[in-house]
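Now for the letters of each chain:
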Amino acid sequence: MFDQLQAVEDRYEELGELLSDPTVISDNKRFMELSKEEANTRETVDVYRRYKEVIQGIKDAEELLSENLDAEMAEMAKEELYELKDEKIALEENLKILLLPKDPNDDKNIIMEIRGAAGGDEAQLFAGDLFEMYQSFAQKQGWRFEVMEANITGIGGYKEVIAMISGNNVYSKLKYENGAHRVQRIPATESQGRVHTSTATVVVLPEAEEVELDLDEKDIRVDIYHASGAGGQHVNKTASAVRLTHLPTGIAVAMQDQRSQLQNREKAMQVLRARVYDKMQQEAQSEYDATRKSAIGTGDRSERIRTYNFPQNRVTDHRIGLTIQQLDRILSGDMDDIIDALMIYDQTQKLEQMQNDH
C-alpha cells in the first residue's frame, strides 16, 4: 500500500510541474485533464503526508521516552504517543478507502429517467413523487435540475420524465438509485381504504461528453414531426419534435418539450449520447443484459431496490437491509442517510474484495 501511496505523491508533484509548463497551459484539453487528475489525487496526498508526519511523531515520542525524563515530561510524551497511535489507525483506514479504484463516472453530471411502471395511475403519481424527491435533493446539494422531457398524465403523474442533473459528484451520489422503486399506500381513488402496491423505475445515466463519445452523423436517423399534447400555442403549428435513432444500436430518443426544433435536437442528442455510452460501458463489462436487467428491471412489482410504505411512514432499501421510519423526510429530499449508507456499503464491499485479492 505504501509503495502505491508514494507513487501517487510522486505523480502529484509531477502534475504540479506539468501544470506550470507553458506547452501544457496552451493545450486547453490536456490542461483540463491534468487539472482534474491533480484535484482527484490531492486529498490522498494530503492524508498520506499527514500520515508520514504522524509516523515520524511516533518515532520521536518513543525515542524521547527511552531517555531519562522527569515524571511530568514522561507523562506528556506518553499522552502524545497515545494520541498519535490513534490518529495513525484512523489515517490508515482513510488511506485504504482513498486508494480504492474510483468509478471514472463519479464526478459526472447525469441524465435521470423516471417512469411509472406497474400500477397504472398510481404508479404514475408515484413517479411524480420520486421526481419531486430528486428535485428537492438536488436543490439541497446545490445542483442544477433541468427537465428535458416530461410526459404528464391527466391526473398529474408522469408516464415518463427525463431530467439533467448537473453539479459536483452527481453520479457518485445518485448511481445507486438505478432500479425499481415500490410504493405501498392507499390511492386517492380507492374508496375501500385498501393499500395498493405500485412501482416506478429510475434509470441513472452518466453524461457522456463529445470527447468521450463522438457519434457519427451518418449513423443517426433524424425524424422531424409535429409536437403533440399540452405545450402552449406552438404545438402542432410547427414541426418541432425530433426523434433521433442511433442505427448501430437501435437506441431511439424522442424530444418535443423544448420551444424549437434545434433545442429539441440538442437535448435528444444529449440523451442519445448518454444511452449509447451507457450501453457501450455495460458491454465492455460483458454483462450488459444481466446488469441492465438487475439495474432497471422490467418495472415488475417483485424486482425492487426500495420500498416506500406510506401507512407506516417507512422506507426500506432491500440491497443493504436499511429501514428508516421517516418516509416524509426522505420524500422531501433529505436522502443523505440512505445515500451515505449505500456509499459506505459499496466501499466496504470493495475493501473486502481488495483484501481478498491480495
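Residues numbered from 1 in each chain as written. Predicted model: local features only at pLDDT ≥ 70, side-chain atom pairs only at ≥ 80, totals over all residues. Heavy atoms only, no water.

**Looking at the UniProt feature "coiled-coil region" (unreviewed entry) in the chain**
When the UniProt feature table is mapped onto this chain numbering, "coiled-coil region" (unreviewed entry) sits at residues 59-94. In residues 59-94, helix accounts for 86% and strand for 0%; the two terminal C-alpha atoms are 21 Å from one another. (UniProt positions renumbered as here; feature names shortened; annotations may be inferred. Helix = DSSP H or I, 4+ residues; strand = E, 2+ residues; numbered from the N terminus.)

**Some details on the sheet that holds strand β7 (residues 241-246)**
Overall, antiparallel pairing links the 3 strands, which are arranged β6-β7-β8 in an open sheet. Whereas interior strands pair on both sides, the edge strands pair on one side only; in this sheet they are β6 (220-225) and β8 (251-255). Averaged over all pairs of adjacent strands, the angle between their axes in this sheet comes to 15°, without regard to strand direction. Pairing geometry for β6 and β7, over 6 bridges, is antiparallel. (Pairing = 2+ DSSP bridges. Axes fitted to C-alpha atoms, helices over the stretch in contact; angles between N-to-C directions.)

**Some points on the packing of helix α3 (residues 28-65) against helix α4 (residues 71-98)**
Describing two packed helices takes the angle between their axes plus the distance from one axis to the other. Following both chains from N to C, one finds α3 and α4 inclined at 155°, their axes separated by 9 Å at the closest point. If you check the angle between α3 and α4, you find them roughly antiparallel. Crossing geometry of α3 relative to α4 is assigned as left-handed. Classifying every residue of the contact of α3 with α4 gives 16 nonpolar, 3 polar and 8 charged. (Parallel < 35°, antiparallel > 145°, perpendicular 65-115°, else oblique. Left-handed = near helix turned anticlockwise from the far one by under 90°. Nonpolar A, V, L, I, M, F, W, Y, C, P; charged D, E, K, R; others polar.)

**Thoughts on the environment of Gln 141**
Structurally, Gln 141 can be placed in helix α5 (residues 120-141). Separated by 27 residues in the primary sequence, Gln 141 and Asn 168 place their C-alpha atoms 8.6 Å from one another. When sequence neighbours within four positions are dropped, the list of residues in contact with Gln 141 reads Lys 173 and Asp 336. (Contact = heavy atoms within 4.5 Å.)

**Considering a negative patch on the surface**
On the surface, a cluster of negative charge is made up of Asp 60, Glu 63, Glu 67, Glu 75, Glu 79, Glu 80, Glu 83 and Asp 86. When residues of the negative patch are traced back to their parent elements, those giving at least two are α3 and α4. When residues in the negative patch are grouped by element, the largest group, 5 residues, is from α4. Position of Glu 79 among the secondary structure elements: in helix α4. (Patch = residues over 30% accessible without salt bridge, like charges linked within 9 Å, V, L, I, M, F, W, Y side chains within 5 Å. Areas by Shrake-Rupley, 256 points an atom, 1.4 Å probe, with all protein chains shown as cover. Salt bridge = Lys/Arg side-chain N within 4 Å of Asp/Glu carboxyl O. Lys, Arg positive; Asp, Glu negative; His and termini not counted. Charge placed at Lys NZ, Arg CZ, Asp CG, Glu CD.)

**Some remarks on the pairing of strand β10 (residues 314-317)**
In this structure, strand β9 (residues 306-309) lies alongside β10, joined through 4 bridges in antiparallel fashion. Counterpart to Tyr 308 in the pairing with β10 is Val 315. From the end of β9 to the start of β10, which pair antiparallel, there are 4 residues, and Asn 313 there has a positive phi angle of about 50°. As defined by bridge partners, β10 adjoins strand β11 (residues 322-324) across 3 bridges and the pair is classed as antiparallel. Within β11, the residue paired with Asp 317 across the bridge is Leu 322. Connecting β10 to the next strand, β11, in antiparallel fashion are 4 residues, including Gly 321 with a positive phi near 65°.

**Digging into the packing of helix α1 (residues 2-18) against α3**
Axis separation between α1 and α3 bottoms out at 8 Å; the angle between their running directions is 135°. For the element pair α1 / α3, the angle class is oblique. Both α1 and α3 take part in a crossing whose hand is left-handed. Across the interface between the two elements, Phe 2, Leu 5, Gln 6, Val 8, Glu 9, Arg 11, Tyr 12, Glu 13, Leu 15, Gly 16 and Leu 18 from α1 touch Arg 30, Leu 34, Glu 37, Glu 38, Thr 41, Arg 42, Thr 44, Val 45, Tyr 48, Arg 49, Tyr 51 and Lys 52 from α3. Its residues assigned to classes, the contact of α1 with α3 shows 10 nonpolar, 4 polar and 9 charged.

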